Amino acid sequence: MTDGLLINAAITAVMMLTLSGVAARIRDVSFIDAVWGAGMAVLAIASWLQLGNPGARAGLIAGMAAIWGFRLGLHLFTRWRAHGEDPRYARMLGKAKEQGRYGRAALTVVFGPQAVLLFLTCLPAQLGVLASGDPAPIGPLAWAGAALWLVGMTFETVGDAQLKAFRADPANKGKVLDTGLWRYTRHPNYFGDTCAWWGIWLAAADAGWTVAALSVIGPLFLTFTLTRWSGKPLLEKGLMKTRPGYAEYVARTSGFFPLPPRRP
């Protein structure tokens, strides 16, 4: 497994160095969000390709990670193409752009750190696949993981589709989406991402508790960043200031786990 991880680390480094060069040329790093998902799909597939005779569990784990990653990557890439530079990254690298050191900042501030975090978050898929050469049947933990992954994929796919349709209607400009899955959780996409990666981790744990212990940092970090760091807190901080009615929505709607709306 160690050799496989070293190969994947090299793939990650080359991928991020190349894409940071693209970002420096177009002077926009915002597509890194799309790379986050697609990059994990690439590492899962790279792990599978390294097995001379992959077992069924390897195919399941690689498939779950690839479907999740490429769906998210395509969704975020098309959103970036439609809306342009993300204001968060514009603020983060604005001074570097003015001072003519955008390329260096893109690598050291965005793509470098993201490479490390992407690699660590993807450990359940990498180790789960690398430890699942033939014979490696799909055991009970792996099936439970697949079921949890399916719940997550449903939430994030449906939630993203509902939000996209809501935003596409000019009549909804400045309004708060509080129907569909968004009636039960303020972040069905974040909840879905979390379920998907805990599901992948469970499937990896089917290979043994050594794999489970070494890779649990992945879903733990993802859950932390979505609920406590750069996901939910930053997004809601901005919406509370700019979106009328959002405070009332927060008061009645669960922040993460889907629950019936609270009564006023």
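Residues numbered from 1 in each chain as written. Predicted model: local features only at pLDDT ≥ 70, side-chain atom pairs only at ≥ 80, totals over all residues. Heavy atoms only, no water.

**Remarks on the overall build of the chain**
Phase 1 of the analysis: Looking only at helices and strands, the chain has 12 helices and 0 strands in total.
Phase 2 of the analysis: Ordering the α and β elements of the chain from the N terminus gives α-α-α-α-α-α-α-α-α-α-α-α.
Phase 3 of the analysis: Taken against the 2.2 N^0.38 rule, which gives 18 Å for 264 residues, the C-alpha radius of gyration of the chain at 19 Å falls within 12% of a compact globule.
Phase 4 of the analysis: If one aligns the C-alpha atoms of the chain with their principal axes, the spans along those axes are about 55 × 50 × 25 Å.
Phase 5 of the analysis: Expressed as a percentage of the 264 residues in the chain, the buried residues total 47%.
Phase 6 of the analysis: Residue pairs in contact within the chain that sit at least 24 positions apart in sequence constitute 80% of those at least 6 positions apart.
Phase 7 of the analysis: When the accessible surface of the chain is split by element, carbon and sulfur atoms take 66% of a total near 13200 Å².
Phase 8 of the analysis: Here the chain contributes 26 positively and 15 negatively charged side chains, and the mean placements of these two sets differ by 8 Å. (Helix = DSSP H or I, 4+ residues; strand = E, 2+ residues; numbered from the N terminus. Rg over C-alpha atoms; globule rule 2.2 N^0.38 Å. Buried < 20%, exposed > 50% of the residue type's maximum accessible area, 1.4 Å probe, protein only. Contact = heavy atoms within 4.5 Å. Areas by Shrake-Rupley, 256 points an atom, 1.4 Å probe, with all protein chains shown as cover. Lys, Arg positive; Asp, Glu negative; His and termini not counted. Charge placed at Lys NZ, Arg CZ, Asp CG, Glu CD.)

**Thoughts on the nonpolar core**
Phase 1 of the analysis: Counting 57 residues, the largest nonpolar core has Val29, Trp68, Phe111, Ala125, Trp197 and Ile200 as the members making the most contacts within it.
Phase 2 of the analysis: The leading source of residues in this core is helix α3 (residues 56–83), at 10 residues.
Phase 3 of the analysis: In this structure Trp197 touches Met40, Ala65, Trp68, Thr121, Cys122, Pro124, Ala125, Pro219 and Leu222, once residues within four positions along its chain are discounted.
Phase 4 of the analysis: Core analysis: the second largest hydrophobic core is formed by 8 residues, Leu163, Trp182, Tyr246 and Tyr249 among them. (Core = buried A, V, L, I, M, F, W, Y, C linked by side-chain atoms within 4.5 Å.)

**Points about the pattern of salt bridges**
Phase 1 of the analysis: Under the definition given, this model contains 8 salt bridges.
Phase 2 of the analysis: In this structure, Asp206 and Arg57 form a salt bridge, with 3.3 Å as the shortest nitrogen-oxygen distance. Here the residue Asp206 occupies a position in the loop between α8 (188–205) and α9 (209–215), and Arg57 occupies one in helix α3, the gap between them amounting to 149 residues.
Phase 3 of the analysis: Judged by relative accessible area, Asp206 falls into the buried class, the value being 19%.
Phase 4 of the analysis: Connected via shared salt-bridge partners are Asp33, Asp86 and Arg88. (Salt bridge = Lys/Arg side-chain N within 4 Å of Asp/Glu carboxyl O.)

**Some words on the state of the cysteines**
Phase 1 of the analysis: Using the criterion set out here, one finds 0 disulfides in the structure.
Phase 2 of the analysis: No disulfide involves Cys122; its sulfur sits 18 Å from that of Cys195, the nearest cysteine.
Phase 3 of the analysis: In this structure Cys122 comes out as buried when scored by relative accessible area, which is 0%. (Disulfide = S-S within 2.5 Å.)

**Comments concerning the packing of aromatic side chains**
Phase 1 of the analysis: For the structure on display, the rule yields 13 aromatic pairs.
Phase 2 of the analysis: Between the aromatic rings of Trp198 and Trp201, the centroid separation amounts to 5.5 Å while the plane-to-plane angle is 85 degrees, which identifies the pairing as edge-to-face. A residue pair is termed a helical-turn pair when its members lie 3 or 4 positions apart in one helix, as Trp198 and Trp201 do in helix α8 at 3 residues.
Phase 3 of the analysis: The cationic tip of Arg81 hangs over the ring face of Trp80; the distance from NZ or CZ to the ring centre is 5.9 Å. (Phe/Tyr/Trp six-rings, centres within 6.5 Å; stacked < 30°, edge-to-face > 60°. Lys NZ or Arg CZ within 6 Å of the ring centre and 35° of its normal.)

**Thoughts on the confidence of the model for the chain**
Phase 1 of the analysis: Mean pLDDT over the chain stands at 95; residues scoring 70 or higher make up 100%.
Phase 2 of the analysis: The secondary structure element of the chain with the lowest average pLDDT is helix α4 (residues 87–98), at 84, and the one with the highest is helix α6 (residues 123–130), at 98. (pLDDT = per-residue confidence, 0-100.)

**Observations concerning a nonpolar patch on the surface**
Phase 1 of the analysis: Taken together, the side chains of Val42, Ile45, Trp48, Leu49 and Phe70 present a nonpolar region at the surface, about 430 Å² in accessible area.
Phase 2 of the analysis: Per-element tally for the nonpolar patch: the top contributor is helix α2 (residues 32–49), with 4 residues.
Phase 3 of the analysis: Positionally, Ile45 belongs in helix α2.
Phase 4 of the analysis: Given a relative accessible area of 32%, Ile45 falls into the partly exposed group. (Patch = residues over 30% accessible without salt bridge, like charges linked within 9 Å, V, L, I, M, F, W, Y side chains within 5 Å.)

**Some thoughts on helix α7 (residues 140–168)**
Phase 1 of the analysis: A rise of 1.5 Å per residue sets the reference length of α7, with its 29 residues, at 42 Å; its end C-alpha atoms lie 42 Å apart and thus fit the reference within 8%.
Phase 2 of the analysis: For α7, the complete set of buried residues consists of Ala142, Gly145, Ala146, Trp149, Gly152, Met153, Phe155, Glu156, Gly159, Asp160, Leu163 and Phe166.
Phase 3 of the analysis: Close packing links the buried residues of α7 with α3 and α8. (Expected span 1.5 Å × (residues − 1).)

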